[in-house]
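Residues per chain are reported as follows:
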Amino acid sequence: MRTAIISDIHSNVAALQSVLAKIDTLDCDRVICAGDLVGYAAHPNEVLDMLRELLTIGIRGNHDIALLDPIESETFNEFAREALFWTRSVLTKENSNYIRTLRDQEQIDDIIIAHGSLLDPDEYIYSPFQAARSLEIAPCRITVVGHTHYPEVYRFEPDTGLCRDILVSEGEVDLEEGYRYLLNAGSVGQPRDGDWRAGLAIYDNEGSGKIELHRLDYDVHMTMDRIIEVGLPSMLSERLLEGR
Ligand SMILES: [Fe+2]
């Protein structure tokens, strides 16, 4: 079984199209998503129309929560808040109802999905120490998170509590028996590791298992132009090309 994993699409339809085209070539059986479908960019309905058809399972991220509950957006910066306010004004009823159906965590086979961490949907996991706090309570072999917009794989040894970073940005890694893994696919629509290309991960559970991290070109100028066209802050457009 090959599972494609996406996260943090943030209303970037050009990036999502590129990722889906790649998924078609990678012989995947299903697609799962770790949240933040909307926010920042300016194609929320196009993205949600596609995801509703496509996803086997998905969860909500902090931007999806704040879309439905404005009080949750009070801690957001002014640019993120403005994008959410605009998104709320254009979203179809079908798409806002879909977001309402999403939960904070889901489990499918040997994969548990959360947005930030297993402890808090708003926690950022940037280090092995932080990853270990989730992995020590993980009920599954694979924990999938998003939120940081950094593609990364951590490996945790339950017997010793040791955790380390084993893959960053792109490439593949063979999994071993006796460990738990935390996987962040990075961001489809707004990578922040200095590389503007969209992130995609594959978990293949054949044999002892394998994780692949892919980075994909897309028409970033189409997304940048649309952000300006609808009157959102230019900073949201410029940051895409800088991968931040
Ligand atoms: Fe995000």
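Reading the values: the criteria
- Residues numbered from 1 in each chain as written.
- Predicted model: local features only at pLDDT ≥ 70, side-chain atom pairs only at ≥ 80, totals over all residues.
- Heavy atoms only, no water.
- Donors = N, O, S within 2.8 Å, 3.2 Å for Na, K, Ca; no water.
- Tetrahedral: all angles 85-135°; square planar, octahedral: opposite > 155°, others 65-115°.
- Helix = DSSP H or I, 4+ residues; strand = E, 2+ residues; numbered from the N terminus.
- Buried < 20%, exposed > 50% of the residue type's maximum accessible area, 1.4 Å probe, protein only.
- Arc of directions from axis to C-beta.
- Contact = heavy atoms within 4.5 Å.
- Pairing = 2+ DSSP bridges.
- Axes fitted to C-alpha atoms, helices over the stretch in contact; angles between N-to-C directions.

Student: Mind showing me how you'd approach the coordination of the iron ion here?
Tutor: For a metal with four tetrahedral donors the ideal donor-metal-donor angle is 109.5 degrees, whereas six octahedral donors ideally subtend 90 or 180 degrees. Every protein donor of the iron ion is listed here as D8 (OD), H10 (NE2), D36 (OD) and H149 (NE2), and their distances to the metal cover 2.0 to 2.3 Å. What the 4 donor atoms of the iron ion show is an angle range of 86 to 177° at the metal, which sorts the shape as irregular. The motif formed by the donor residues of the iron ion, counted along the single chain, is D-x1-H-x25-D-x112-H. Within this pair, whereas D8 is found in the loop between β1 (2-6) and α1 (13-25), its partner H149 is found in the loop between β6 (142-145) and β7 (151-157), the two being separated by 141 residues in sequence. For the pair formed by D8 and H149, the shared burial category is buried.

Student: How should helix α8 (residues 234-242) be read in this particular structure?
Tutor: Quick reminder: α-helices carry 3.6 residues per turn. Residues three or four places apart thus point the same way. All buried positions along α8 are accounted for by L236, S237, R239 and L240. The arc that holds the buried residues of α8, viewed along the axis, is 165°, so those residues lie on one side. Contacts from the buried residues of α8 go to α4 (78-90) and α7 (220-229). Looking one or two residues past α8, G243 carries a phi angle of roughly 60°, positive in sign.

Student: Got a minute to help me understand the sheet that holds strand β9 (residues 171-174) in this structure?
Tutor: Remark on secondary structure: sheet strands pair via backbone hydrogen bonds, oriented parallel or antiparallel. Judged by pairing direction, the sheet is mixed, and its 6 strands sit side by side in the order β3-β2-β1-β11-β12-β9 without closing on themselves. At either end of the open sheet lies a strand with only one pairing partner, and these are β3 (57-58) and β9. In this structure, β1 lies alongside strand β2 (residues 30-33), joined through 4 bridges in parallel fashion. Bridge pairing links T3 to R30 in β2. Against the sheet, α1 makes contact with β1, β2, β11 (198-204) and β12 (210-216), and its axis sits at roughly 30° relative to β11, the strand it touches most.

Student: What is the right way to read unusual backbone geometry from this model?
Tutor: Note: most peptide bonds trans; most residues except glycine with negative phi. Positive phi, close to 60°, is recorded for S11, a residue that is not glycine. Along the polypeptide, S11 turns up in the loop between β1 and α1. We classify S11 as buried; its relative accessible area is 0%.

Student: Please clarify how the sheet that holds strand β8 (residues 162-168) should be interpreted in this entry.
Tutor: Strand order in this open sheet of 6 strands is β4-β5-β6-β10-β7-β8, and the pairing throughout is mixed. Looking at which strands have only one partner, the edges of the open sheet turn out to be β4 (105-108) and β8. For this sheet, the mean angle separating the axes of adjacent strands, direction not counted, is 20°. Pairing of β7 with strand β10 (residues 180-185), which is carried by 6 bridges, proceeds in the antiparallel orientation. Along β10, the bridge assignment pairs R155 with Y181. Sheet contacts for helix α6 (residues 128-135): β6, β7, β8 and β10; angle to β8, the most-contacted strand, approximately 115°.

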